[in-house]
Amino acid sequence: MRIFGLVLVALSIAPCAHAQKTVITMGPAGAPQASSDPAEARRAETVVEASRLIYKDHDYERALDTKLTPVIREYEAIPRKGDPRLYSARTPREALYYMLLAAAAQDRDGAGHNAIDLGYSYGYAYYLSAFAQTELNHKIEAEALLHKAIELSPMNSLFIGELGYHIQMTGDSTGALE
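Being a predicted model, the structure only gives us computed values, none of them experimental.

## What to know about the overall build of the protein
When helices and strands are counted, the protein shows eight helices and two strands. Sequence-ordered secondary structure for the protein, helices as α and strands as β, is α-α-α-β-α-β-α-α-α-α. By residue count, 46% of the 178 residues in the protein fall in the buried class. Within the protein, residue pairs in contact and separated by at least 24 positions form 66% of the contacts whose partners lie at least 6 positions apart.

## Quick notes on helix 3 (residues 60–76)
The largest bend in helix 3 is about 35°, located at Leu-68, with the proline Pro-70 one to four residues further on. Three or more residues of helix 3 are buried, namely Tyr-60, Ala-63, Leu-64, Lys-67, Leu-68, Val-71, Ile-72 and Tyr-75. Looking at the buried residues of helix 3, the elements they touch are helix 2 (38–55) and helix 5 (120–135). Of the residues flanking the start of helix 3, the one acting as N-cap is Asp-59, its side-chain oxygen 3.3 Å from the backbone nitrogen of Arg-62.

## Quick notes on the confidence of the model for the protein
Taken as a whole, the protein shows an average pLDDT of 81; of its residues, 76% reach a score of 70 or greater. Across the protein, the element-wise mean pLDDT spans from 39 in helix 1 (residues 2–12) up to 97 in helix 3. When the criterion is pLDDT under 50, residues 1–34 qualifies, and its contacts beyond four places in sequence or with other chains add up to 65 contacts.

## A short note on the packing of aromatic side chains
On inspection of all chains with the given rule, the structure shows nine aromatic pairs. Taking the centre distance of 6.1 Å and the plane angle of 55° together, the rings of Tyr-97 and Tyr-98 count as tilted. A centroid spacing of 5.3 Å and a plane angle of 20° characterise the contact between Tyr-127 and Phe-159, whose relative ring orientation is stacked. Separated by 32 residues along the polypeptide, Tyr-127 in helix 5 and Phe-159 in helix 7 (residues 157–169) bring together distant segments of the chain. Pair check on accessibility: Tyr-127 and Phe-159 agree, each one buried. Each residue in the set Tyr-120, Tyr-124, Tyr-127 and Phe-159 is aromatic and connected to the rest through ring pairs, giving one cluster.

## Regarding the packing of helix 2 against helix 5
In a pair of packed helices, the angle between the axes and the distance between the axes together describe the arrangement. Contact geometry for helix 2 and helix 5: axes closest at 10 Å, N-to-C directions at 20°. Here helix 2 lies roughly parallel to helix 5, going by the angle between them. Remark: the crossing between helix 2 and helix 5 carries left-handed chirality. Packed against helix 2, whose contacting residues are Glu-40, Ala-44, Val-47, Ser-51, Ile-54 and Tyr-55, the element helix 5 presents Ser-121, Tyr-124, Ala-125, Tyr-127, Leu-128, Phe-131 and Ala-132 at the interface. The class makeup of the residues in the contact of helix 2 with helix 5 is ten nonpolar, two polar and one charged.

Scoring rules and cut-offs
- Residues numbered from 1 in each chain as written.
- Predicted model: local features only at pLDDT ≥ 70, side-chain atom pairs only at ≥ 80, totals over all residues.
- Heavy atoms only, no water.
- Helix = DSSP H or I, 4+ residues; strand = E, 2+ residues; numbered from the N terminus.
- Buried < 20%, exposed > 50% of the residue type's maximum accessible area, 1.4 Å probe, protein only.
- Contact = heavy atoms within 4.5 Å.
- Bend = angle between axes of the 7 residues up to and from the residue.
- Polar contact = N/O pair within 3.5 Å; in protein donor to acceptor, adjacent residues only side chain to side chain.
- pLDDT = per-residue confidence, 0-100.
- Phe/Tyr/Trp six-rings, centres within 6.5 Å; stacked < 30°, edge-to-face > 60°.
- Axes fitted to C-alpha atoms, helices over the stretch in contact; angles between N-to-C directions.
- Parallel < 35°, antiparallel > 145°, perpendicular 65-115°, else oblique.
- Left-handed = near helix turned anticlockwise from the far one by under 90°.
- Nonpolar A, V, L, I, M, F, W, Y, C, P; charged D, E, K, R; others polar.

Spelled out as structure tokens, the structure:
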């Protein structure tokens, strides 16, 4: 019954908790592909290029300097009204779930919580940045980037698993399990 109530709340506050044009399609290995929005398509292609630099060429610094850091800055510079909760969903279904989370938060505390899904490339850029930083042995930077990726995509098992692996690498097996 609570879920039904959340769905009704989400639908009734559509102007408050909304997804910007969700333009995500998934390619091989979960990489984002181009969309109908030209700016998002370009950002997604940049992230795909960065993943090639990382996984194929093992050129972590170039991926960070020329692809990932600029695309993250571009996402962060997108104008937004108010101070919305940002999400990065893989699918429209996941985007809807995140919008329901925002609606539930509004239901709990009565304050308005705008929410925007900026597409999967945003969170994936943080994940790839963390991966590259890990490979460059910059563990503190990598962990901060993984936390940001998980903040954007709280249900993304790839990001959560990578954080667990990262914590395990530091020798904290109990923390990794948590």
